[in-house]
Amino acid sequence: MNVEQPPTGGPVPPDFRALLESAPGFYMVLAPDLSIVAVSGAYSKATMTKREEILGDLLEQARRLLGTSEGETPLQREGP
């Protein structure tokens, strides 16, 4: 594996946000206050939301926006 070296000589840390956003699964990262700090592209596509519109929202606000109840994910909904 070829790792780019910064001027200090140590390895460049991975860009975890880019890794998460390009992950094929449905991922959401929450802060301790349950605000949304990151979602994968697959999650955004599957829930038909724009990442920029839900980042910073609290999980409860996102559930109301998506029309889901506690314990249910948007992908478990049936029908329109």
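Coordinates for the structure precede this section.
Novice: Would you explain the side chain of Thr47 in this entry?
Specialist: Turning to its location among the elements, Thr47 is positioned in the loop between α2 (41-46) and α3 (51-54). Separated by 2.8 Å, the side chain of Thr47 and the backbone oxygen of Tyr43 make a polar contact.

Novice: How should the pattern of salt bridges be read in this particular structure?
Specialist: Any two side chains of opposite charge can pair, given that their charged atoms come close. In this structure the tally under the stated criterion is 1 salt bridge. In this structure, Glu21 and Arg51 form a salt bridge, with 3.7 Å as the shortest nitrogen-oxygen distance. Highlighted residues: Glu21 in helix α1 (residues 16-21) and Arg51 in helix α3, separated in sequence by 30 residues. The exposure class of Glu21 is partly exposed, given its relative accessible area of 26%.

Novice: How do you make sense of unusual backbone geometry when you look at a structure like this?
Specialist: Only a minority of non-glycine residues have a phi that is not negative, and only a minority of peptide bonds are not trans. Positioned with a positive phi, Leu34 is a non-glycine residue whose angle comes to about 70°. Looking at where Leu34 falls in the secondary structure, it is placed in the loop between β1 (28-30) and β2 (36-39). The phi angle at Met48 is positive, at roughly 55°, despite the residue not being glycine. Looking at the element boundaries, Met48 is found in the loop between α2 and α3.

Criteria and cut-off values
Residues numbered from 1 in each chain as written. Predicted model: local features only at pLDDT ≥ 70, side-chain atom pairs only at ≥ 80, totals over all residues. Heavy atoms only, no water. Helix = DSSP H or I, 4+ residues; strand = E, 2+ residues; numbered from the N terminus. Polar contact = N/O pair within 3.5 Å; in protein donor to acceptor, adjacent residues only side chain to side chain. Salt bridge = Lys/Arg side-chain N within 4 Å of Asp/Glu carboxyl O. Buried < 20%, exposed > 50% of the residue type's maximum accessible area, 1.4 Å probe, protein only.

Don't take any of this as a statement about function, it's just geometry.
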